[in-house]
Amino acid sequence: MNRSDPTPPAAQGPDRPAAVRAVALAPTTPPADAVLPPRAPEAPAPGALLGSHYDHCFGCGPQHPQGLRLTVVAGEGLDVTAEFTVRPGHQGGPGLAHGGLLVTAMDETLGSLNWLLHSAAVTGRLETDFVRPVPVDSVLHIHAWITGVHGRKIYSAAEGRIGGPDGPVAIRAQGLFVQVKLEHFTTHGRPEDIKKALDDPDQFKRARAFEVNP
Ligand SMILES: CCCCCCCCCCCC(=O)SCCNC(=O)CCNC(=O)[C@H](O)C(C)(C)COP(=O)(O)OP(=O)(O)OC[C@H]1O[C@@H](n2cnc3c(N)ncnc32)[C@H](O)[C@@H]1OP(=O)(O)O
């Protein structure tokens, strides 16, 4: 068994599919020929508060009872800032944020970069480093930025700080998102939720706003 290979032993060896090998080893740092495109003409203005992409989203939805209620603001360039207030319901260890929820906050913030390119993309790969614990009641100040675009792949990075936007780093992340069409959601999502979202004119408008033609 190759110890540095993240695929399960059964999927290793010469017989495993090429796609598994390619995906498992794809890095989250952009290749040399990746580009940094301009902000899309439809991108929210710098300083604009980005709305939730879906009211029931665990990361940003205002209607999700236990969600993170992340608020995200467009930056000057290909970047956003976000705030996540850690509440008692987000605990892992006593008085401390659960690591998985911190990853969710990073994932959601990196996903918000979609707004700047005006295209929908989903997380393919996400790497995180937990640098210091995050206490309940603290605000995680996240800054996320696009590091490169290569075909349908969007590479990005983020840092989360506590004690203020210039406070010490508590978590770092690098992501590889893959652009998808609206059908990604309508094909794979639970039908009743898709129907409810499409029946809501506001949600439908948002979904359409993300439509992409790679
Ligand atoms: C309604 C409002 C909307 C708004 C929606 C906004 C939502 C934001 C929410 C927060 C973000 C999330 O949590 S999103 C939810 C979590 N993520 C998911 O559920 C995604 C599940 N995975 C998938 O559906 C799929 O595997 C995809 C879409 C990621 C890729 O499938 P595909 O479309 O068939 O593309 P494929 O040909 O395989 O790959 C395209 C290129 O990306 C690379 N690639 C693919 N996967 C990976 C990977 N894991 N790691 C590295 N690289 C990868 C391939 O090598 C290839 O590179 P090359 O050959 O071109 O070089």
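All figures in this text were calculated on a predicted structure; none of them were measured in a lab.

Asker: Summarise the domain arrangement of the protein chain; cite the residues concerned and give the values.
Answerer: One can read the domain layout of the protein chain as domain 1 (1–30) and domain 2 (49–209). Counting residues at the interface gives 4 residues for domain 1, matched by 9 residues for domain 2. Looking at the side of domain 1 that touches domain 2 residue by residue, the classes come out as 2 nonpolar, 2 polar and no charged.

Asker: Lay out the pairing of strand β6 (residues 153–162) in plain terms, naming residues and giving numbers.
Answerer: In terms of burial, β6 is largely enclosed, as 7 of its 10 residues are buried. As paired elements, strand β5 (residues 139–150) and β6 share 10 bridges and run antiparallel to each other. Bridging from a neighbouring strand, His141 pairs with Arg161 of β6. In this structure, the hairpin formed by β5 and β6 is closed by a connection of 2 residues, where Gly151 is found at a positive phi of approximately 60 degrees. One ladder, built from 9 bridges, connects β6 with strand β7 (residues 169–179); its direction is antiparallel. Considered in β7, the bridge of Ile154 is made with Phe177. Two successive antiparallel strands, β6 and β7, enclose a turn made up of 6 residues, where Gly163 displays a positive phi of approximately 85 degrees.

Asker: Pulling in residues and values, what's your account of the sheet that holds strand β2 (residues 71–74)?
Answerer: Taken in spatial order, the 7 strands make up an open sheet running β1-β2-β3-β5-β6-β7-β4, and their pairing is antiparallel. Looking at the sheet topology across the chains shown, the edges are occupied by β1 (49–50) and β4 (121–130). Both β1 and β2 contribute to a ladder of 2 bridges, which runs antiparallel. Within β2, the position partnered with Leu49 by the bridge is Val73.

Asker: Describe unusual backbone geometry, listing the residues and the values that go with them.
Answerer: Although it is not a glycine, Arg69 sits at a positive phi angle of roughly 50 degrees. At Asp137, a position not held by glycine, the phi torsion is positive, near 80 degrees. Of note, Asp137 is situated in the loop between β4 and β5.

Asker: Just give me the short version of the nonpolar core, but keep the residues and values in it.
Answerer: Among the nonpolar cores identified, the biggest contains 38 residues, and Phe84, Leu102, Ala105, Met106, Leu140 and Ile142 are the most heavily contacted of them. Elements represented by at least two residues in this core include exactly β2, β3 (79–85), α2 (99–112), α3 (114–117), β5, β6 and β7. Non-local contacts of Phe84, meaning those with residues more than four positions away in its chain, are made with Leu68, Leu70, Ala105, Leu140 and Ile142.

Cut-offs used in this document
Numbers given to residues run from 1 along each chain, matching the order in which its sequence is written. Given that the model is predicted, a residue must reach a pLDDT of at least 70 before its local features are reported, and side-chain atom pairs must reach 80 or more before they are shown or counted; all residues, however, enter totals for whole chains, interfaces and linings. Where each domain starts and ends follows an automatic or database-derived domain assignment. By the convention adopted here, residues make contact when the C-beta atoms placed from their backbones lie within 7 Å. Residues were grouped as follows: Ala, Val, Leu, Ile, Met, Phe, Trp, Tyr, Cys and Pro as nonpolar; Asp, Glu, Lys and Arg as charged; and all remaining residues, including Gly, as polar. The exposure scheme places C-beta atoms from the backbone and then counts, for each residue, the other C-beta atoms within 10 Å of its own, assigning buried at 20 or more, exposed at 12 or fewer, and partly exposed in between. Only DSSP runs of H or I covering at least 4 residues are called helices, and only runs of E covering at least 2 are called strands; the numbering of each starts at the N terminus. By the convention used here, strands pair only if DSSP detects at least 2 bridges between them. One nonpolar core equals one set of buried Ala, Val, Leu, Ile, Met, Phe, Trp, Tyr and Cys residues connected by C-beta atoms within 7 Å.

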